[in-house]
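Here is how the chains run, residue by residue.
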Amino acid sequence: MSLKDRRLAELRARIPEVGPADALALQSGGALLVDVREDEETASGSPAGALRLPRGFLELRIEDKAPDAARTVLLLCAGGTRSLFAAEDLARLGYADVRSVAGGFSAWKAAGLPVEVPPQLDAAQRERYRRHLTMPEVGEAGQHRLLRSRVALIGAGGLGSPIALYLAAAGVGRLTLIDDDRVERSNLQRQILHAESRLGQRKVESGRTALLDLNPTIEVVAHDTRLEAGNVLELLGGHDVVVDGSDNLPTRYLVNDACLRLGVPNVYGAIFRFEGQVAVFGGAAPGLRPCYRCLFPEPPPAEYAPSCAEAGVLGVLPGVIGTIMAAETIKLLLGLGEPLAGRLMLYDGLRGEFNEIAVPADPDCPSCSNGVTAVLSDIAAVCGG
Amino acid sequence: MSETTIRIPTPLRGFVGGRDQVAVPGATVREALAALTAGQESFHDRLFTAEGELRRFVNVYLGRDDVRRLGGLDATLPAGATLTLMVALAGG
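Residues numbered from 1 in each chain as written. Chains lettered and ligands numbered in written order. Predicted model: local features only at pLDDT ≥ 70, side-chain atom pairs only at ≥ 80, totals over all residues.

Turning our eyes to something else, we now look at the overall build of chain A. What chain A contains, in helices and strands, is 15 helices and 15 strands. For chain A, the proportion of its 385 residues judged to be buried stands at 44%. Look at the contacts in chain A between residues 6 or more apart in sequence, and 68% of them connect residues 24 or more apart. (Helix = DSSP H or I, 4+ residues; strand = E, 2+ residues; numbered from the N terminus. Buried ≥ 20, exposed ≤ 12 C-beta atoms within 10 Å, placed from the backbone. Contact = placed C-beta atoms within 7 Å.)

So this is what it looks like as structure tokens:
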């Protein structure tokens, strides 16, 4: 008997084995079925609902997927051999009930049990997103989720530039840019999405060029138009997250109210000189997350609004706030961590300080309180002396 | 009387000589804001309605909480309190 066979005989004596049909029943009852084959093997099919975690990463990542060591874990490989070795390692790691699926995926298929073909990353995608794939919080499933995501970005300017670049780089599958401006030289001090060579172009087209140059595998939809009450639902509908990088208060109120109507989270950021604000609004059941109107129920009258003529901004400031907005967007898309909701982050660039204020949902909010339907309206341009 | 620090948002710094925070006396939010705007009618009008209430587009926070939730302008200020004035920023 070879060393390997002797070892397997020992393992079979200690590790419980279950047939495919029993494994399916256990999986339906709450057990975790783990397909420990390599990605190339699972590409053509794997048990429906199984966690695909190649043998080489099993001990490293299993706790992220199965934090309860008392949960029954069923391991499956191609023929039922590698899963025995793997089962012993998980038992040693501390899992109380680990079993190996006898006959592996061959037996599973032969029994006519449910199989799914997992979405696959090609070699170029695997290389491009390697730093995501190696993080358990993103991994292959998270990267697929990003690739299936749709994000609408209002404004391809100061905030829009870093947001769009980082979301495109992260592999957000469909990025919709909405802006009605042209690229001017005075934009280039901060709007790093654009370039001297594209002066005069529509910003959404210039942005599309830059984004597809960075990541040609995503889709960039360009809307060279201004958001209005009449088009906002159509333009923002069908997206998973809306990111507000606009440069005026009427659009901010309109985006807020439209997102409430659509039930989509709104990642908000605003900047002025050395100061920035960022938060996540809406996208949850009424009362759970505030909206922009919970913070500022109404815009100031024109005489008190920030002066547009003096609206200077340090060139890097939109980078600070925009990258936080991009991070919040990706967190929302992946369901990671705690969103920056119920609070507003304030950045003071001169002091180098971040502060936070509480923004609870307002039970009397004119837009998002229970039973209220947000009204979409075009507020007259607010721009003071 | 203990002084309160009031953080001033960029759009309102023109009223306080460009400073980003100002220390003022006052036992309540109302007194501190009155001290802040003393002698500057336009600054006072920017923050308060004719009835003396805080304008709806101006927020004031004691620590991290909106003073409207802490008793409004009559909320008492603890020693060494920090108030943060906030107005909407539009820029993007």
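Our focus in this paragraph is the overall build of chain B. Along its length, chain B carries 2 helices and 5 strands. Counted from the first residue to the last, chain B has its helices and strands arranged as β-β-α-α-β-β-β. Its C-alpha atoms give chain B a radius of gyration of 12 Å, within 12% of the compact-globule value 12 Å for 92 residues. For the C-alpha atoms alone, the extent of chain B along its principal axes is close to 35 × 25 × 25 Å. (Rg over C-alpha atoms; globule rule 2.2 N^0.38 Å.)

What follows deals with the interface of chain B and chain A. In this complex, chain B contributes 16 residues to the contact, which on the side of chain A involves 29 residues. A per-class count over the side of chain B that touches chain A returns 7 nonpolar, 4 polar and 5 charged. (Nonpolar A, V, L, I, M, F, W, Y, C, P; charged D, E, K, R; others polar.)

All names here are of chain A. Strand order in this open sheet of 8 strands is β10-β9-β8-β11-β12-β13-β14-β15, and the pairing throughout is mixed. Looking at strand neighbours, the two that pair on one side only are β10 (219-223) and β15 (353-358), the edges of this open sheet. Sheet twist, expressed as the average angle between the axes of neighbouring strands with direction ignored, equals 15°. Inspection of the sheet shows strand β8 (residues 150-154) paired to strand β9 (residues 174-178) by 5 bridges, in the parallel sense. Each bridged residue has a counterpart across the sheet, and for A152 the counterpart in β9 is T176. The strands touched by helix α11 (residues 203-214) are β9 and β10; relative to β10, the strand with the most contacts, the crossing angle is about 170°. (Pairing = 2+ DSSP bridges. Axes fitted to C-alpha atoms, helices over the stretch in contact; angles between N-to-C directions.)

By the assigned domains, chain A splits into domain 1 (3-116) and domain 2 (149-358). In this structure, domain 1 of chain A and domain 2 of chain A have C-alpha centres spaced 45 Å apart. (Domains from an automatic or database assignment.)

Attention now moves to the environment of T76 of chain B. All names here are of chain B. Structurally, T76 can be placed in the loop between β4 (65-66) and β5 (82-87). Taking C-alpha positions, T76 is 27 Å from G17, a pair spaced 59 residues apart along the chain. Sequence-distant contacts of T76, that is, excluding residues within four places in its chain, are made with A27 and T28.

Residues and elements named next belong to chain A. The strand order β1-β6-β5-β2-β4 describes an open sheet built from 5 strands, whose pairing is parallel. Whereas interior strands pair on both sides, the edge strands pair on one side only; in this sheet they are β1 (17-18) and β4 (51-52). In the sheet, strand β5 (residues 73-76) pairs with strand β6 (residues 98-101) via 3 bridges, with the strands oriented parallel. For V73, the partnering residue across the bridge sits in β6 and is V98. Helix-sheet contacts for helix α5 (residues 82-93) involve β5 and β6, and the interaxial angle to β6 is about 175°.

Residues and elements named next belong to chain B. Only one face of strand β1 (residues 3-7) is covered, namely the face carrying T4 and I6; the face carrying E3, T5 and R7 is uncovered. In terms of strand pairing, β1 meets strand β2 (residues 21-25) through 5 bridges, oriented antiparallel. When the sheet's bridge partners are listed, I6 is paired in β2 with V22. As defined by bridge partners, β1 adjoins β5 across 3 bridges and the pair is classed as parallel. Paired with I6 across the bridge in β5 is L83.

Attention now moves to the packing of helix α1 (residues 3-14) of chain A against α5 of chain A. All names here are of chain A. Two numbers describe how α1 lies on α5: the axes approach to 10 Å, and their chain directions differ by 60°. Comparing the axis directions of α1 and α5 gives the class oblique. In this structure, the crossing between α1 and α5 has a hand that is left-handed. Where α1 approaches α5, its residues L8, L11 and R12 are matched on the opposing element by L84, F85 and E88. (Parallel < 35°, antiparallel > 145°, perpendicular 65-115°, else oblique. Left-handed = near helix turned anticlockwise from the far one by under 90°.)

Here we come to the packing of helix α10 (residues 160-170) of chain A against α11 of chain A. Residue and element names in this part refer to chain A. Relative orientation of the contacting elements α10 and α11 amounts to 35°, with a least axis distance of 9 Å. By crossing handedness, the relation of α10 to α11 is classed as right-handed. Between α10 and α11, the contacting residues are A164, L165, A168 and A169 on the first element and G207, L211 and L214 on the second. Among the residues forming the contact of α10 with α11, the class breakdown is 6 nonpolar, 1 polar and no charged.

Another aspect to go through is the pairing of β5 of chain B. All names here are of chain B. Counted residue by residue, β5 has 5 buried out of 6 residues, so it is predominantly covered. Pairing geometry for strand β3 (residues 58-62) and β5, over 5 bridges, is antiparallel. Along β5, the bridge assignment pairs Y61 with T84.

On to unusual backbone geometry, then. The phi dihedral of R273 of chain A falls on the positive side, at around 55°, and the residue is not glycine. Topologically, R273 of chain A is positioned in the loop between β12 (266-272) and β13 (275-281).

Turning our eyes to something else, we now look at the confidence of the model for chain B. Summing up the model confidence of chain B, the mean pLDDT is 94 and the portion of residues at 70 or higher is 99%. Within chain B, helix α1 (residues 29-37) of chain B carries the highest mean pLDDT (97), whereas helix α2 (residues 41-47) of chain B carries the lowest (95). (pLDDT = per-residue confidence, 0-100.)

Among the nonpolar cores identified, the biggest contains 94 residues, and L153, A164 and L175 of chain A are the most heavily contacted of them. Setting aside its immediate chain neighbours within four residues, L153 of chain A contacts G160, I163, A164, L175, T176, L177, I178, V243 and G245 of chain A. (Core = buried A, V, L, I, M, F, W, Y, C linked by C-beta atoms within 7 Å.)

Right, let's get into the environment of A341 of chain A. Residues and elements named next belong to chain A. Structurally, the position occupied by A341 is in the loop between α15 (317-334) and β14 (343-348). A residue is classified by how many C-beta atoms lie within 10 Å of it, and A341, with 21 of them, is buried. With 17 residues separating them along the chain, A341 and A358 place their C-alpha atoms 9.1 Å apart. Those residues within four positions of A341 in sequence are excluded, and the remaining contacts are A279, V280 and R289.

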